[in-house]
Amino acid sequence: MYYKKLAGLAFGLLAESKFKCPLTRGASSRVNAVRSVCSWTVCLHHRQKNQLSEGFSRRLTCRNVRTVSQTTLDPNEVRKFQAMASKWWDLQGEFAALHSMNDLRVPFIRDNLLNVHGIQELGKPLAGLRILDVGCGGGVLSEPLGRLGADVLGIDPVEDSVRTAELHSSYDPDLRERVRYQACTLEELAEEEVEGFHAVVASEVVEHLADLDAFASCCQQVLKPGGSLFITTINKTNLSYVFGIVAAEQLLRIVPSGTHDWEKFMSPEDLERLVESFGFYVEAIRGMMYNPLRGAWSWQQSTAINYALHAIKCKEEPQPGQVWAESKNLDEPGQATNYS
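In this text, all values refer to a predicted model and were calculated from it rather than measured experimentally.

### Digging into the overall build of the protein
Of regular secondary structure, the protein possesses 12 helices and eight strands. Within the protein, buried positions represent 53% of all 340 residues. A sequence separation of at least 24 residues applies to 73% of the contacts in the protein between residues at least 6 apart.

Rendered as structure tokens:
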């Protein structure tokens, strides 16, 4: 009880704090014709200035993707999740916080995809879109995306987790044709699926991977041009160590001790640089925070602990004349090119 009161006070102070991530640029909200957009969108005019200031060679990374031969698979991480493979659908267990996170991440994915593709079908807004859920576990995120009409493929290297996901989805007739699972790594799938998906989702995954260059390269490979990459993960800060490891694992036991390694956490700045070096541009970054007393997540200005990122795969490399024309138009109102 003492720990919960202490945690409640600490999380309350954090929620009221004025921490701001350097990535919190001037933002402009987008209005969706169907519903208000929940996503925080990076100001495109500001982004284009940053892109052009780095020169033409920086922009060519949209197609000049590095060759990566390493694997994303970390055997130690596989062993951790193997031990929890039967617990994915215990709403009061180790994955309770992930179930609660759906209240934020599902609308975040849905609304950003609607911004890009528009509504496909009333009642099934993501109909016609193929989504890859990387590190799907027991299908906690795959299922709600399938219910929104998307064709979802969930992949995970832990076969027992995949069997759990398949068993759970089999109870819902609406999911049988839309959601399927495969026990494999991302790089194995990338050899088969080239530009096959409209979106890739990696939620609470990158902090468990062995090689992030391999991850980003494979995501670029399996996405269609203009496809979306969605990531939620944990920042690498003192606060994330205190709340994400000491509080969540050792004091409150929200997740088992040893679930996370602080050295594998990644700041929004580093993650943005990583995905942009593999041919993406970042559209949105939003801070998130979990309240263990309420068992609920909320959006925050601060990205000091958890955050969500939406990036888009570049469609084509710019021509020299096009870049020069953009540079002349950037400071003219209404002339900035829209890359979405």
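### Examining helix α10 (residues 238-251)
Over its 14 residues, α10 extends only 17 Å from the first C-alpha to the last, a length that falls short of the 20 Å expected when each residue adds 1.5 Å. All buried positions along α10 are accounted for by S240, F243, G244, I245, A247, A248 and E249. Looking one or two residues past α10, R253 carries a phi angle of roughly 55 degrees, positive in sign.

### A look at the pattern of salt bridges
Under the counting rule described, the total for this entry stands at 14 salt bridges. Where D174 meets R178, a salt bridge forms, and the shortest distance between an N and an O atom there is 2.8 Å. With relative accessibility at 21%, the residue R178 sits in the partly exposed group. A single network of salt bridges, built from pairs that share partners, joins D74, E77, K80 and K264.

### Quick word on the sheet that holds strand β6 (residues 280-291)
The strand order across the open sheet built from eight strands is β3-β2-β1-β4-β5-β8-β6-β7, with neighbouring strands paired in mixed fashion. Whereas interior strands pair on both sides, the edge strands pair on one side only; in this sheet they are β3 (179-183) and β7 (296-300). Neighbour-to-neighbour, the strand axes of this sheet turn through a mean angle of 20 degrees, independent of strand direction. With five bridges joining them, strand β1 (residues 130-134) and strand β2 (residues 151-156) adopt parallel strand pairing. The residue bridging R130 from the neighbouring strand is D151, located in β2. Set on the sheet, helix α11 (residues 268-277) makes contact with β5 (223-234), β6 and β8 (306-313); between it and β6 the angle comes to about 150 degrees.

### Concerning unusual backbone geometry
We note that E195 has phi near 50 degrees; this positive angle belongs to a residue other than glycine. Within the element layout of this structure, E195 appears in the loop between α8 (186-190) and β4 (197-203). Given a relative accessible area of 38%, E195 falls into the partly exposed group. Positioned with a positive phi, R253 is a non-glycine residue whose angle comes to about 55 degrees.

### A short note on the environment of G244
The topology assignment puts G244 in helix α10. A sequence separation of 17 residues divides G244 from D261, and the C-alpha atoms of the two residues are 9.7 Å apart. What G244 contacts, discounting residues up to four positions off in sequence, is L239, E249 and H260.

### A closer look at the confidence of the model for the protein
Here the protein averages 80 in pLDDT, and 73% of its residues register 70 or above. Low pLDDT, under 50, characterises residues 15-69; the stretch is placed with 126 contacts to residues that sit more than four places away or in other chains. Confidence drops under pLDDT 50 across residues 318-340; counting only partners more than four residues distant or on other chains, this segment forms 35 contacts.

### With respect to the packing of aromatic side chains
Inspection of every chain in the model, using the stated rule, returns six aromatic pairs. Summarising the aromatic geometry, the rings of F108 and W299 are spaced 5.6 Å apart at their centres and angled 50 degrees between planes, so their arrangement reads as tilted. Placement of F108 in helix α5 (residues 96-117) and of W299 in strand β7 is noted, with a sequence separation of 191 residues between them. For W299, a relative accessible area of 22% corresponds to the partly exposed category. Note that R130 overlies the ring of F197, its terminal NZ or CZ placed 4.3 Å from the centroid. Positioned above the aromatic ring of W262, the side-chain terminus of K236 is 5.1 Å from the ring centre.

### With respect to the environment of F95
With respect to the helices and strands, the residue F95 is situated in the loop between α4 (75-82) and α5. According to the relative accessible area criterion, F95 is buried, its value standing at 5%. In this view, F95 contacts F81, M84, K87 and W88; residues no more than four positions away in its chain are not counted.

### A short note on the pairing of β1
Of all five residues that make up β1, four are buried, and the element is covered over most of its length. Each parallel crossover has a hand, and for β1 linked through helix α6 (residues 142-147) to β2 it is right-handed. With three bridges connecting them, β1 and β4 associate as parallel partners. Counted as the bridge partner of D133 is V201 from β4.

Cut-off values and rules
- Residues numbered from 1 in each chain as written.
- Predicted model: local features only at pLDDT ≥ 70, side-chain atom pairs only at ≥ 80, totals over all residues.
- Heavy atoms only, no water.
- Helix = DSSP H or I, 4+ residues; strand = E, 2+ residues; numbered from the N terminus.
- Buried < 20%, exposed > 50% of the residue type's maximum accessible area, 1.4 Å probe, protein only.
- Contact = heavy atoms within 4.5 Å.
- Expected span 1.5 Å × (residues − 1).
- Salt bridge = Lys/Arg side-chain N within 4 Å of Asp/Glu carboxyl O.
- Pairing = 2+ DSSP bridges.
- Axes fitted to C-alpha atoms, helices over the stretch in contact; angles between N-to-C directions.
- pLDDT = per-residue confidence, 0-100.
- Phe/Tyr/Trp six-rings, centres within 6.5 Å; stacked < 30°, edge-to-face > 60°.
- Lys NZ or Arg CZ within 6 Å of the ring centre and 35° of its normal.
- Right-handed = clockwise from strand over helix to strand, strands pointing away.

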